[in-house]
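# Remarks on the overall topology
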Amino acid sequence: MINLSNKAAKRFRINWKDLEERSGDFWKVDAVMVERVPMLFIVHEYTLFTLVRRKSQFRDTLAIASEINNACPWYRGTKVTSLGKNGNRKLTGSINEMKRMTLGLYAPEQINAMEMTINQCLFSYLSTDRNGYSTPFEAVESYIQGQTPWL
């Protein structure tokens, strides 16, 4: 259910090199510093729908899985917590784009505004052609209807 970035694995004291490489209907967790506060970007691989949370809210990855299940009832992937790593460079590039869009603009207390900004932005990752862009909110609607045309 969860793929960790190298930074996130370090935050949870998990050896990233031992994790299995995989892609699919998973959530990628990446760690980022907002001001001096460790934060997690929890990004759904198919839709780029993003949850932003303080790292201090989570003691382990089971708590992240629980948060995903509570915050995203639309998620139809496996509910069993498993860990892996994702080497999808397009996904990593989109997450880096999210970081550039939000870091420096929001304080750690402005999590809701940060999430809203990310989930309303257009991303080429969600497109089947060069000029078609979509937002994570639109991608979730397609996902709910059983459509994922960009994959």
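Residues numbered from 1 in each chain as written. Predicted model: local features only at pLDDT ≥ 70, side-chain atom pairs only at ≥ 80, totals over all residues. Heavy atoms only, no water.

Looking now at the packing of helix α3 (residues 89-102) against helix α4 (residues 111-120). As a packed pair, α3 and α4 sit with axes 10 Å apart at the nearest point and diverge in direction by 130 degrees. Taken together, the axis directions place α3 and α4 in an arrangement best described as oblique. Here the hand of the crossing between α3 and α4 comes out right-handed. Contact residues: α3 offers M98, M101 and T102, while α4 offers M114, T117 and I118. A breakdown of the residues in the contact of α3 with α4 according to their chemical character gives 4 nonpolar, 2 polar and no charged. (Axes fitted to C-alpha atoms, helices over the stretch in contact; angles between N-to-C directions. Helix = DSSP H or I, 4+ residues; strand = E, 2+ residues; numbered from the N terminus. Parallel < 35°, antiparallel > 145°, perpendicular 65-115°, else oblique. Left-handed = near helix turned anticlockwise from the far one by under 90°. Contact = heavy atoms within 4.5 Å. Nonpolar A, V, L, I, M, F, W, Y, C, P; charged D, E, K, R; others polar.)

Take the environment of E21 next. By the element assignment, E21 lies in the loop between α1 (6-11) and β2 (27-34). Once the C-alpha coordinates of E21 and N88 are considered, the two residues, 67 residues apart in sequence, prove to be 9.5 Å apart. Once residues lying within four places of it in the same chain are set aside, the contact partners of E21 are K85, N86 and G87.

In the structure shown here, the tally under the stated rule is 4 salt bridges. A salt bridge links R53 to E67; its shortest N-O distance comes to 2.9 Å. Residue R53 is found in strand β4 (residues 50-54), and its partner E67 is found in helix α2 (residues 61-71); the two are separated by 14 residues along the sequence. Via salt bridges that share partners, R53, E67 and E115 belong to a single interconnected network. (Salt bridge = Lys/Arg side-chain N within 4 Å of Asp/Glu carboxyl O.)

For the rest of this paragraph, the subject is the packing of aromatic side chains. Geometrically, a pair of aromatic rings is defined through the distance of the ring centres and the angle of the planes. For the structure shown, the criterion picks out 5 aromatic pairs. Ring geometry for F49 against W74: centres 5.5 Å apart, planes inclined by 85 degrees, an arrangement best described as edge-to-face. Of this pair, F49 sits in the loop between β3 (37-44) and β4 while W74 sits in the loop between α2 and β5 (83-84), and the two are 25 residues apart along the sequence. For the pair shown, F49 and W74 are each scored as buried. Judged by its relative accessible area of 18%, W74 is buried. Of the aromatic side chains, those joined through ring pairs into one cluster are W27, F49, W74, Y75, F137 and Y143. Over the ring of F12 we find K55, and its NZ or CZ is 4.4 Å from the ring centre. (Phe/Tyr/Trp six-rings, centres within 6.5 Å; stacked < 30°, edge-to-face > 60°. Buried < 20%, exposed > 50% of the residue type's maximum accessible area, 1.4 Å probe, protein only. Lys NZ or Arg CZ within 6 Å of the ring centre and 35° of its normal.)

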